[in-house]
Amino acid sequence: MKELNKCMICPRECKINRNNMETGLCGETNKIRVARIALHHYEEPPISGTKGSGAIFFSGCNMKCIFCQNYEISTKNFGEVITVTELANKMLELQKKGAHNINLVTPTHFSVLIVKSLKLAKQKGLKIPIIYNTSGYEKVETLRLLDGLIDIYMPDLKYFDDFLAMRYSKAPNYFEFATNALNEMYKQVGKPKFDKQGIMQKGVIVRHLLLPGQIDDSKRVLKYLYEVYKDNIFLSIMNQYTPTKQVKNINELNKKVSKKEYNLLIDYACKLNISNAFIQNGETAKESFIPDFDLTGVK
């Protein structure tokens, strides 16, 4: 595809020729690579439902989060190459298995190829909602290529402070790009809509992961989201941060989020009068949230 001759798909603007097998920061060429395709039961309730979300985990990532739970595929780029047509057929297989939706996990760097797959899959009978599950580090121009193809946007808003974005994710101007992207996402899909079973059909869910010791930044994120969108979007306030081996030498990250920290953040959300929010109870920082990347469903 011509967009990959000089790749400017994401805010990194690497300008490399992915059609010539060159790789930028995401580590991927013009070939779609995936690590897992399966029903996934660990998303928010209106996404996972009772049958599971049809999750497609793409290899590579345009972020470089040192604490990434999917490090094996996001940074080490584990996965298998599949064609645009094969991806479309995998979506149809997930629909046949009863998936409530198609959940495109970390799709940014493959977005122009995914557009072709989605159009082909819809021509072949794909009817369930499509979720764009992203770090939020997106360009508005790229998101506009997805207009009419995506039903639910599920971006992160990881940081308010760009110092943290650089320190932990090497993502310059993260907040600016992520909030501009969120504005475009909301323009495309609007307020949340659910079917009779409570499964989301349209809308935006913004995820925010509380990092240990960063409650002040998290409060600023929540305040921004509620001031701009009120209850026209859903928030997912997560406490599932899990220290990985990559952070063993970073003292402030080499620990779990305390119950006190998380409860203080939820109290703050209540003070803001946020009502459309998902929260996590109990011990959620465990391995069950990290699926096995063993090419399940790929071959």
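The text that follows walks through the structure, step by step, so that each part is easy to find. All values reported here derive from a predicted model rather than from experimental measurement.

Take Tyr71: it is sitting in helix 2 (residues 71-74). Taking the C-alpha atoms as reference points, Tyr71 and Tyr229, 158 residues apart in sequence, are found 32 Å from one another. When near neighbours in sequence (up to four residues on either side) are disregarded, Tyr71 contacts Lys76 and Gln246.

Further remarks concern the pairing of strand 2 (residues 53-58). Within a regular strand, side chains alternate between the sheet's two faces. For strand 2, the buried fraction is high: six of the six residues fall into the buried class. The alternating pattern of strand 2 places Ser53, Ala55 and Phe57 and Gly54, Ile56 and Phe58 on opposite faces, both of which are buried. Bridge count between strand 2 and strand 4 (residues 102-105): four bridges; the pairing is parallel. Within the sheet, the bridge partner assigned to Gly54 lies in strand 4 and is Ile102.

With five of five residues buried, strand 9 (residues 234-238) is to be regarded as a mostly interior element. Side chains of strand 9 alternate between two faces, with Phe234, Ser236 and Met238 and Leu235 and Ile237 buried alike. Across five bridges, the pairing between strand 8 (residues 200-209) and strand 9 is parallel. Bridged to Leu209 within strand 9 is Met238. Pairing geometry for strand 9 and strand 10 (residues 277-279), over three bridges, is parallel. By the bridge assignment, Leu235 is partnered in strand 10 with Ala277. Taken together, strand 9, helix 9 (residues 259-271) and strand 10 constitute a β-α-β crossover, and its handedness is right-handed.

Let us now look at the nonpolar core. In this structure, Ile56, Phe67 and Leu104 are the most contacted members of the largest nonpolar core, which totals 80 residues. Among the elements that take part in this core, helix 7 (residues 174-189) stands out by supplying seven residues, more than any other. Among all residues touching Ile56, those that are not within four sequence positions of it are Val34, Arg36, Ile37, Leu87, Met91, Leu94, Ile102, Asn103, Leu104 and Val105. Among the nonpolar cores identified, the runner-up in size contains eight residues, and Ile152, Met154, Met200 and Phe278 belong to it.

Thresholds, definitions, all that
Residue indices follow the written sequence of each chain, beginning from 1 at its first position. At least 70 in pLDDT is required for a residue's local features to be given in this predicted model, at least 80 for side-chain atom pairs to be given and counted, and no such filter applies to totals for whole chains, interfaces and linings, which use all residues. Where side-chain values are given, they derive from all heavy atoms of the structure, hydrogens and water being excluded. To qualify as a helix, a DSSP run of H or I must reach at least 4 residues; to qualify as a strand, a run of E must reach at least 2; elements of each kind are numbered from the N terminus. Two residues form a contact once any of their heavy atoms are found within 4.5 Å. Throughout this description, buried means an accessible area under 20% of the type-specific maximum (1.4 Å probe, protein chains only), exposed means over 50%, and partly exposed covers the range between. Strands are labelled as partners when DSSP assigns at least two bridges between them. Handedness of a crossover is defined as follows: orient the strands so they point away from the viewer, and if the path from the first strand over the helix to the second runs clockwise, the crossover is right-handed. In plain words, nonpolar cores are sets of buried Ala, Val, Leu, Ile, Met, Phe, Trp, Tyr and Cys residues tied together by side-chain atoms within 4.5 Å.

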